[in-house]
Amino acid sequence: MKKLPKRNVLEHYFFNYYQVLFKIKKRIDDIIHSSPAKYVEVGGGVSHNSNPTELKAIKIAMDKELTEKQQWLKIVRDVVADMRYIDEKNKTKYAMLIQKRYFDELGDNHVQKQLGLQYRSQYKEMKDTVLLEGVLLAAASGLITYDEIRKFVKENW
């Protein structure tokens, strides 16, 4: 399932979870500790709100890039939590796969061996399951558009 829409983006956030989280926290910190702007543009108009805390909150909320990164990190956290639940319920090793492959950054062959999987196809199926859930959550949260899903279906099925 290498052609899943935004699979590479999802894997980027798995591999770089802690670095992106740090950058997000730093960006929010920078906004909070910055000098307050006199006015902030909201929608098509200018807010004449003089409350510095509210202006900073608006600035954080209106930062599209920051919001998108936070959504991707939430998906990573949710996939990890769901895979832990599935592991407990079904005695599988999805969470271990995520830890070893994405957070420890071990190669596919090493992860496959550490999971005790004899066949490469078993490993690929597990990895595809993890990524498919992430892509489904991304689609549900609006990070993957309807048109991107339609394009994927037409090209791959």
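As a reminder, the structure under discussion sits directly above these lines.
Residues numbered from 1 in each chain as written. Predicted model: local features only at pLDDT ≥ 70, side-chain atom pairs only at ≥ 80, totals over all residues. Heavy atoms only, no water.

Student: Could you clarify how one ought to interpret the packing of aromatic side chains in this entry?
Tutor: Each pair of aromatic rings is reported with the distance of its centres and the angle of its planes. Scanning all chains against the criterion turns up 6 aromatic pairs. A centroid spacing of 6.2 Å and a plane angle of 75 degrees characterise the contact between Tyr17 and Phe103, whose relative ring orientation is edge-to-face. Highlighted residues: Tyr17 in helix 2 (residues 17-32) and Phe103 in helix 5 (residues 94-103), separated in sequence by 86 residues. Since its relative accessible area comes to 9%, Tyr17 is described here as buried. On the accessibility criterion, Phe103 (23% relative accessible area) is partly exposed. (Phe/Tyr/Trp six-rings, centres within 6.5 Å; stacked < 30°, edge-to-face > 60°. Helix = DSSP H or I, 4+ residues; strand = E, 2+ residues; numbered from the N terminus. Buried < 20%, exposed > 50% of the residue type's maximum accessible area, 1.4 Å probe, protein only.)

Student: Looking at this model, I keep getting lost on unusual backbone geometry. Mind explaining?
Tutor: With the exception of glycine, most residues fall at negative phi, and the peptide bonds are largely trans. The backbone phi angle of Lys6 is positive, close to 60 degrees, even though this residue is not glycine. Here Lys6 lies in the segment before helix 1 (7-15). A positive phi angle is found at Lys91, which is not glycine, with a value near 60 degrees. Assignment of secondary structure puts Lys91 in the loop between helix 4 (64-90) and helix 5. Classification of Lys91 by relative accessible area gives exposed; the value is 72%.

Student: Looking at this structure, how should I read the packing of helix 1 against helix 2?
Tutor: Helix packing for two helices is described by the angle between their axes and how far apart those axes are. Axis separation between helix 1 and helix 2 bottoms out at 4 Å; the angle between their running directions is 80 degrees. Considering their axes alone, helix 1 and helix 2 lie roughly perpendicular with respect to each other. Contacts from His12, Tyr13, Phe14 and Phe15 of helix 1 reach helix 2 at Tyr17, Gln19 and Val20. Across the contact of helix 1 with helix 2, the residue classes tally to 5 nonpolar, 2 polar and no charged. (Axes fitted to C-alpha atoms, helices over the stretch in contact; angles between N-to-C directions. Parallel < 35°, antiparallel > 145°, perpendicular 65-115°, else oblique. Contact = heavy atoms within 4.5 Å. Nonpolar A, V, L, I, M, F, W, Y, C, P; charged D, E, K, R; others polar.)

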